[in-house]
Amino acid sequence: MSIPANLKYTKDHEWVSIEGDVATVGITHFAQKELGDIVYVEVETLDQTLSKDEVFGTVEAVKTVSDLFLPLTGEIIAFNEDLESAPETVNSDPYGAGWMIKIKIADASEIDTLLSDQAYKDLIGA
């Protein structure tokens, strides 16, 4: 199972890539595999500032709908609009073209609360 070492992770199975004060967020390979075929990604929080752990959207698979939780406090500055017409990209490329949002980080100290790749592997038993 793919768990890139250059990313940070949450206990809610999101990955975070940090470049300066912007974080890109998606769901992990493990999460997309557990959900199954993803048919819809909804993010209605664009341009809103939310706190860490608040729901920023949902992902809908054939058999379930799952909330998406913000890994860091900040303003949601971008949504991957390609997912509107091709939500299955989250299944086929969760760490690349399947990214979901970008956040302008409000509190950089929260980065330290995210999991390393090894801590995430331990969490999911990989």
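Residues numbered from 1 in each chain as written. Predicted model: local features only at pLDDT ≥ 70, side-chain atom pairs only at ≥ 80, totals over all residues. Heavy atoms only, no water.

1. A word on the UniProt feature "domain: Lipoyl-binding" (unreviewed entry) in the protein chain
The UniProt record annotates "domain: Lipoyl-binding" (unreviewed entry) at residues 22–104. End C-alpha to end C-alpha, residues 22–104 measures 5 Å, and it is 18% helix and 42% strand. (UniProt positions renumbered as here; feature names shortened; annotations may be inferred. Helix = DSSP H or I, 4+ residues; strand = E, 2+ residues; numbered from the N terminus.)

2. Remarks on the nonpolar core
Membership of the largest hydrophobic core comes to 26 residues, with the highest contact counts inside it found for Ile27, Val41, Phe56, Met100 and Ile101. Residue assignment for this core shows that the elements contributing at least two residues are strand 3 (22–27), helix 1 (29–35), strand 4 (38–42), strand 6 (55–61), strand 8 (74–79) and strand 9 (101–105). In this structure, Phe56 is in contact with Glu14, Val25, Glu42, Val43, Glu44, Thr45, Leu50, Leu68, Phe69, Leu70, Ile76 and Ile101, ignoring residues within four places of it in sequence. Residues Leu7, Tyr9, Trp99 and Tyr120 belong to the second largest nonpolar core, which totals ten residues. (Core = buried A, V, L, I, M, F, W, Y, C linked by side-chain atoms within 4.5 Å. Buried < 20%, exposed > 50% of the residue type's maximum accessible area, 1.4 Å probe, protein only. Contact = heavy atoms within 4.5 Å.)

3. Here's the deal with the pairing of strand 8
For strand 5 (residues 49–50) and strand 8, the ladder comprises two bridges, and the chain directions are antiparallel. Bridge pairing links Thr49 to Glu75 in strand 8. The pairing of strand 8 with strand 9 spans five bridges and is classified as antiparallel. Each bridged residue has a counterpart across the sheet, and for Ile76 the counterpart in strand 9 is Ile103. (Pairing = 2+ DSSP bridges.)

4. A word on the environment of Ile3
Mapped onto the secondary structure, Ile3 falls in the segment before strand 1 (8–9). It is 8.7 Å that separates the C-alpha atoms of Ile3 and Phe30, two residues lying 27 residues apart in sequence. The residues contacting Ile3, other than those within four sequence positions of it, are Tyr9, Tyr95, Asp117, Tyr120, Lys121, Ile124 and Ala126.

5. Quick look at the sheet that holds strand 5
In space, the six strands of this open sheet follow the order 1-2-3-9-8-5, with antiparallel pairing throughout. Two strands close off the open sheet at either side, each with one partner strand: strand 1 and strand 5. Of the pairings in the sheet, the one linking strand 2 (residues 14–19) to strand 3 comprises six bridges and is antiparallel in character. Note on strand 3: the bridge partner recorded for Trp15 is Gly26.

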